Amino acid sequence: MTMLASYFDSLVSKMPSLSTSDHASVVSLNLFVALLCACIVLGHLLEENRWMNESITALLIGLATGVVILLISNGKSSHLLVFSEDLFFIYLLPPIIFNAGFQVKKKQFFRNFVTIMLFGAVGTVISTTVITLGVTQFFKHLDIGTFDLGDYLAIGAIFAATDSVCTLQVLNQDETPLLYSLVFGEGVVNDATSVVIFNAIQSFDLTHLNHEAAFHLFGNFLYLFLLSTLLGVATGLISAYVIKKLYFGRHSTDREVALMMLMAYLSYMLAELFELSGILTVFFCGIVMSHYTWHNVTESSRITTKHTFATLSFLAETFIFLYVGMDALDIDKWRSVSDSPGTSVAVSSILIGLLMLGRAAFVFPLSFLSNLAKKNTSERIDIKMQVVIWWSGLMRGAVSMALAYNKFARAGGTDTRGNAIMITSTITVCLFSTVVFGMLTKPLIRCLLPHQKATTSMLSDDNNTPTSIQIPLLDQDSFIEFANHNVPRPDSIRGFLTRPTRTVHYYWRLFDDSFMRPVFGGRGFVPFVPGSPTERDPPPALSKA
């Protein structure tokens, strides 16, 4: 025993001790995890507050923590972890966007798909153009350095990226299904479009811009947009086919859950590998997996994946807002612009004014065009909804921060005064818009949209998503919808022109039932098994003493 103890002591003595840097990292991680817990607790306690929501709570906690760290470190640092756009785009953004596609109310999303694409894609291009033209004119009169056309276009793409989390936390998708669907769908498509535009600008030579180059840039944008969507759909279908054919639930639900999570992340990484838009890819992968793959797994796997994806998304969002709050007080960034605070304030004010103008430039005109194509008044976007949609896109968040770091930061710092001003201005715009506009969001929505139950014509119930494990997308209940609305079988071009959405819905359901679901699975096309073999077996009877 003595020899064994001495051998263990010698083995322990040979193990490397924890270095100072490793110890500091462990302390930082512990504090950050504790702050995440505080954000969750305080967010829960302030849930009914008129002015606060979880994102603002996390942001303010980050700001307060940054102040404390600044005081403790004598003004040397304000954050526990170093922000990196790679950390954001590779680890934090995928679970948020995937869960958005996985939990989306698909019936409402695809019913308003044209309007969502108008706002999310065309609207983002318009907003980018307005902001680019504005900064090109105003920045020339400010002493912020020399920017070329590529820099101005990048600024337009950076500040065209919205963050509608504050609005979505207030809206109720059962009471206002149309408005929630538009705000939610536009937010996801907007982020994807902004990143695609930004990447297209970064990889394109703008020194000799002409009509041919402009068409080439537009073609590159469409190429990234379409291929990213197709890659997400393909990855989701492959996961559905593999799980349906191999049926992992016969042996272990853990394998089903693990494969779904890994395939979801693989779709994003494949898009990054092929230099496509990972946001679009993982979003449509989530939609496809919720329609096919999710119905091919066991009951316990459905419940597990639903809550797992939602939890990961929630933690990632809280992490982002908490860190943005701490990083806003990074003394190194502000030291570069300390000699001209008026210039920094002027740049931030100009950007806030331009993003408000850019939103108005497409929300109201595109809403008018969308209403022209809708005969049913309940499906039209009234002026109050338009104001909410405009307001929901005024907040700027982590996507704008990450793109600004990617463009204007070098190895975590700033190499020129102009770059430093753009970084600090981006931080200022994100903080101001999230805190001020975010705090006013709940009172504004309650004023414009008093709580009303959704009408039956809006079809608020959507049992097709993983939030319900009863009825899938486009099932037999779709016939009831058509019967209630007296929609005839769209067997003519006139039927398509008068009711394009329901006509596409009708033919898609036929195609889905005849070809897609028999191959890739879905509700009613796979054998129902409540859970794993262990769960299905009755517990052994207890022997009596």
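Every value quoted in this text rests on a predicted model; they were computed, and no experiment measured them.

Cut-offs applied
Residues numbered from 1 in each chain as written. Predicted model: local features only at pLDDT ≥ 70, side-chain atom pairs only at ≥ 80, totals over all residues. Heavy atoms only, no water. Helix = DSSP H or I, 4+ residues; strand = E, 2+ residues; numbered from the N terminus. Buried < 20%, exposed > 50% of the residue type's maximum accessible area, 1.4 Å probe, protein only. Contact = heavy atoms within 4.5 Å. Areas by Shrake-Rupley, 256 points an atom, 1.4 Å probe, with all protein chains shown as cover. Core = buried A, V, L, I, M, F, W, Y, C linked by side-chain atoms within 4.5 Å. Patch = residues over 30% accessible without salt bridge, like charges linked within 9 Å, V, L, I, M, F, W, Y side chains within 5 Å. Salt bridge = Lys/Arg side-chain N within 4 Å of Asp/Glu carboxyl O. Axes fitted to C-alpha atoms, helices over the stretch in contact; angles between N-to-C directions. Parallel < 35°, antiparallel > 145°, perpendicular 65-115°, else oblique. Left-handed = near helix turned anticlockwise from the far one by under 90°. Nonpolar A, V, L, I, M, F, W, Y, C, P; charged D, E, K, R; others polar. Expected span 1.5 Å × (residues − 1). Bend = angle between axes of the 7 residues up to and from the residue. Disulfide = S-S within 2.5 Å.

Draft legend 1. Focus on the overall build of the protein chain. Counting its secondary structure elements, the protein chain contains 22 helices and zero strands. Residues counted as buried form 52% of the 545 residues belonging to the protein chain. The contacts in the protein chain between residues at least 6 apart in sequence include a share of 83% that link residues at least 24 apart. Looking at the protein chain as shown, the accessible area adds up to about 25,900 Å², and 66% of this sits on carbon and sulfur atoms.

Draft legend 2. Geometry of the nonpolar core. In terms of nonpolar packing, the biggest core is built from 124 residues, with Phe 88, Phe 139, Phe 283, Leu 351 and Met 422 touching the most fellow members. Here this core gets 14 residues from one element, more than from any other, and that element is helix H9 (residues 177-202). In terms of nonpolar packing, the next biggest core, distinct from the first, is built from six residues, Ala 240, Val 288, Tyr 292 and Met 516 among them.

Draft legend 3. Structural context of a nonpolar patch on the surface. A surface patch of nonpolar side chains, about 590 Å² in accessible area, is lined by Phe 218, Leu 222, Tyr 223, Leu 226, Leu 227 and Leu 230. You can see Tyr 223 is positioned in helix H10 (residues 211-246).

Draft legend 4. Inspection of the packing of helix H3 (residues 54-72) against helix H13 (residues 299-327) at higher detail. Interhelical geometry of H3 versus H13 gives an angle of 40° and a closest axis separation of 6 Å. With respect to their mutual orientation, H3 and H13 come out oblique. Considering only the axes of H3 and H13, their crossing is right-handed. Touching Glu 54, Ser 55, Ala 58, Leu 59, Ile 61, Gly 62, Leu 63, Thr 65, Gly 66 and Ile 69 of H3 are Phe 314, Thr 318, Phe 321, Leu 322, Val 324, Gly 325 and Met 326, all from H13. Residues of the contact of H3 with H13, tallied by class, amount to ten nonpolar, six polar and one charged.

Draft legend 5. Layout of helix H18 (residues 417-448). Look at H18: 43 Å from first C-alpha to last across 32 residues, which is about the 46 Å you get at 1.5 Å a residue. Residue Thr 441 marks the point of greatest curvature in H18, where the axis turns by about 35°; the proline Pro 443 follows within four residues.

Draft legend 6. Broad picture of the pattern of salt bridges. One pass over the structure, following the stated rule, counts six salt bridges. Notably, a salt bridge pairs Asp 151 with Lys 407, separated by 3.1 Å at the nearest N-O pair. Here the residue Asp 151 occupies a position in helix H7 (residues 149-160), and Lys 407 occupies one in helix H17 (residues 398-408), the gap between them amounting to 256 residues. Side by side, Asp 151 and Lys 407 carry an identical accessibility label, which is buried.

Draft legend 7. Structural context of unusual backbone geometry. Its identity as a non-glycine residue notwithstanding, Glu 275 has a phi of 60°, on the positive side. Following the sequence through the fold, Glu 275 ends up in the loop between helix H11 (253-273) and helix H12 (278-296). In this structure Glu 275 comes out as exposed when scored by relative accessible area, which is 67%.

Draft legend 8. The state of the cysteines, seen in detail. For the structure on display, the rule yields zero disulfides. The thiol sulfur of Cys 39 is not disulfide-bonded, and the nearest other cysteine sulfur, from Cys 37, lies at 9.1 Å. The buried category is assigned to Cys 39, whose relative accessible area is 4%.

Draft legend 9. Here's a closer look at H12. If you check H12, its first and last C-alpha atoms are 25 Å apart, about what 19 residues at 1.5 Å a residue would give, namely 27 Å. Within H12, the axis deviates most sharply at Met 289, by approximately 50°. Counting buried positions over the 19 residues of H12 gives 19, a clear majority of the element.

Draft legend 10. How the structure looks around the packing of H9 against helix H16 (residues 383-392). For the pair H9 and H16, interaxial distance at closest approach is 10 Å and the crossing angle is 25°. Classed by the angle they form, the pair H9 and H16 counts as roughly parallel. For the pair H9 and H16, the crossing hand works out as right-handed. Here H9 contributes Leu 178, Leu 179, Leu 182, Val 183 and Glu 186 to the contact with H16, which in turn contributes Met 385, Val 388, Ile 389 and Ser 392. Residues that form the contact of H9 with H16 fall into these classes: seven nonpolar, one polar and one charged.

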